[in-house]
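# Residue-level structural notes
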Amino acid sequence: MARDAPSIDSYGDGGFRLTGEWHAGSLLIVADVAQPWPVAALGELTLESLAPVFAAGRAEVEFLLLGVGARNAQPPRALREALSAAGIGLEFMDTPAAARLYNVLTSEGRRLACALIAV
């Protein structure tokens, strides 16, 4: 399958530059399609906010790369358990690290979803 994953060129100032285009706010990338994501802090993260990841399922998403904000923190247990039950892995870290890792993983052809809380 041909990939057309956007690249994260930069981050900060409350948004991300994807393939040369500025996106204000948090970001969700599923099936190589970036969309605004209405989660501004880890405390706002819900199963519903990740519905597109669950809808894509294991066939499309090997794991979720989650940027949790300026400092690393563990996502809610309910989210971790729901991803596990769906057969979707979870890697979480601060948003700057996740943004950098996203480009490496997509260049390797990994099937991932990426949810990044803006910093």
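A brief look at the structure comes next. (Residues numbered from 1 in each chain as written. Predicted model: local features only at pLDDT ≥ 70, side-chain atom pairs only at ≥ 80, totals over all residues. Heavy atoms only, no water.)

## Details of helix 3 (residues 95-107)
Filter applied, for reference: Strands are runs of DSSP state E lasting at least two residues, helices are runs of H or I lasting at least four, and both sets are numbered from the N terminus onward. Given a helix with a known number of residues, its expected span is that number minus one, times 1.5 Å. In this scheme, a residue with accessible area under 20% of its type's maximum is buried, one over 50% is exposed, and one in between is partly exposed, where area comes from a 1.4 Å probe on protein chains only. Any two residues whose heavy atoms approach within 4.5 Å are treated as being in contact. Side-chain atoms alone can form a polar contact between residues adjacent in sequence; in general such a contact is a pair of N or O atoms within 3.5 Å, and within protein one must be able to donate a hydrogen while the other accepts it.
Taking 1.5 Å of rise per residue, the 13 residues of helix 3 would be expected to cover 18 Å, and the 19 Å separating its terminal C-alpha atoms lies within 8% of that figure. Those residues of helix 3 lying buried are T95, P96, A97, A98, A99, Y102, L105 and T106. Elements in contact with the buried residues of helix 3: strand 1 (8-12), strand 2 (15-18), strand 4 (27-30), strand 6 (63-67), strand 7 (89-93) and strand 8 (112-116). Its side-chain oxygen 3.0 Å from the backbone nitrogen of A97, D94 forms the N-cap of helix 3. Of the residues one or two after helix 3, G109 is the one with positive phi, at around 80°.

## Observations concerning the sheet that holds strand 2
Through backbone hydrogen bonds, the strands of a sheet pair up, either in parallel or in antiparallel fashion. In plain terms, the rule: For two strands to be treated as a pair, DSSP must find no fewer than two bridges joining them. Axis geometry follows a simple rule: fit a line to the C-alpha atoms, using only the stretch in contact for helices, then measure angles between N-to-C directions, giving values from 0 to 180 degrees.
The sheet built from three strands is open, its strands ordered 1-2-3 with antiparallel pairing. The sheet terminates laterally at strand 1 and strand 3 (21-24), the two strands that pair on one side only. Strand after strand, the sheet turns through a mean of 20° between neighbouring axes, direction not considered. In this sheet, strand 2 lies alongside strand 1 in antiparallel orientation, the contact comprising four bridges. Bridging across to strand 2, Y11 finds its partner in F16.

## A few points about the nonpolar core
For clarity, the threshold we go by: Residues belong to a common nonpolar core when they are buried Ala, Val, Leu, Ile, Met, Phe, Trp, Tyr or Cys residues joined through side-chain atoms within 4.5 Å.
Counting residues in hydrophobic clusters, the biggest one holds 18 residues, and the most contacted among them are W37, L50, V53, L64 and L66. Those elements that provide at least two residues to this core are strand 4, strand 6, helix 2 (77-85) and strand 8. By size, the runner-up hydrophobic cluster in this structure holds 17 residues, among which are I8, I29, L105 and C114.

## Things to note about the pattern of salt bridges
The line we're drawing: Basic side-chain nitrogens of Lys or Arg form a salt bridge, by our definition, when they fall within 4 Å of a carboxyl oxygen of Asp or Glu.
Using the criterion set out here, one finds two salt bridges in the structure. A salt bridge links R110 to E62, with the shortest nitrogen-to-oxygen separation between them at 2.7 Å. In this pair, R110 sits in the loop between helix 3 and strand 8 while E62 sits in the loop between helix 1 (51-60) and strand 6, placing the two residues 48 residues apart along the sequence.

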